[in-house]
Amino acid sequence: MLTLFLQAQGSSPMMLIMMGVMFVGFYFLMIRPQMKKQKQEKNFQENLKVGTRVVLTSGLHGRIAQVQDDGFVIETLSGKLKFEKAAVSREMTETRFGDKAKTADKKETVTTTEESK
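Figured I'd write up the structure that's included with this text. These numbers come from a predicted model, not from an experiment.

**Notes on the packing of aromatic side chains**
Scanning all chains against the criterion turns up one aromatic pair. On the basis of an interplanar angle of 80° and a centroid distance of 5.2 Å, the ring pair of Y27 and F28 is categorised as edge-to-face. Accessibility expressed as a relative area gives 46% for F28, which makes it partly exposed. The ring of F72 has K85 lying over it, and the distance from NZ or CZ to the ring centre is 5.9 Å.

Pasting the structure below:
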């Protein structure tokens, strides 16, 4: 890398201009979209509320029972578990998953009514 700078100083400023263009290209093609995605994911995790059905990064499905400062308490069929906010991957809604979300809601309703008997 140092030799490129030394060659650019001696021969032409065109090499420095090309390196600048490459840096700007990397910024707009790689760095900026990644920062935008991270910001979007953080907003998603901060705006989750109690009762929202979610899928965790491990593949676990559940419903948010409590929102705490450092994480969530997720209610699953096997009980309540505490997870970090970063572990929530996506929201399990009807608009995103369609029939799968409806089926899961029906199964959960049947299970809760059976438990109450």
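**Brief notes about the pairing of strand β3 (residues 71-76)**
Most of β3 sits out of view: five of its six residues are buried. In this sheet, β3 lies alongside strand β2 (residues 61-67) in antiparallel orientation, the contact comprising four bridges. When the sheet's bridge partners are listed, R63 is paired in β3 with E75. Here β2 hands over to β3 after three residues, the two strands then running antiparallel side by side. Once β3 ends, the chain turns through two residues before running back antiparallel as strand β4 (residues 79-84).

**Structural notes on the side chain of T52**
Assignment of secondary structure puts T52 in the loop between α2 (14-46) and β1 (53-56). Filtering out sequence-adjacent residues up to four positions away, T52 remains in contact with G62, R63, I64 and E91.

**A closer look at the pattern of salt bridges**
Two side chains that carry opposite charge are able to pair once their charged atoms sit near each other. On inspection of all chains with the given rule, the structure shows two salt bridges. With a shortest N-O distance of 3.8 Å, E46 and K85 are connected by a salt bridge. Of this pair, E46 sits in helix α2 while K85 sits in the loop between β4 and β5 (88-91), placing them 39 residues apart in sequence. Exposure remark for E46: the relative accessible area of 46% places this residue in the partly exposed category. A salt bridge links D70 to K82, with the shortest nitrogen-to-oxygen separation between them at 3.4 Å. One end of the pair, D70, is in the loop between β2 and β3; the other, K82, is in strand β4, with twelve residues separating them in the sequence. Since its relative accessible area comes to 41%, D70 is described here as partly exposed. Of the residues examined, K82 reaches a relative accessible area of 49% and is grouped as partly exposed.

**Side note on the sheet that holds β2**
Spatial ordering of the open sheet is given by β4-β3-β2-β1-β5, a layout of five strands whose pairing is antiparallel. The sheet is open, and its two edges are formed by β4 and β5, each paired on a single side. The sheet shows a mean angle of 45° between the axes of neighbouring strands, taken without regard to direction. Where α2 meets the sheet, its contacts fall on β3 and β5, and the angle it forms with β5 comes to roughly 75°.

Each value, and the rule that gives it
Residues numbered from 1 in each chain as written. Predicted model: local features only at pLDDT ≥ 70, side-chain atom pairs only at ≥ 80, totals over all residues. Heavy atoms only, no water. Phe/Tyr/Trp six-rings, centres within 6.5 Å; stacked < 30°, edge-to-face > 60°. Buried < 20%, exposed > 50% of the residue type's maximum accessible area, 1.4 Å probe, protein only. Lys NZ or Arg CZ within 6 Å of the ring centre and 35° of its normal. Helix = DSSP H or I, 4+ residues; strand = E, 2+ residues; numbered from the N terminus. Pairing = 2+ DSSP bridges. Contact = heavy atoms within 4.5 Å. Salt bridge = Lys/Arg side-chain N within 4 Å of Asp/Glu carboxyl O. Axes fitted to C-alpha atoms, helices over the stretch in contact; angles between N-to-C directions.

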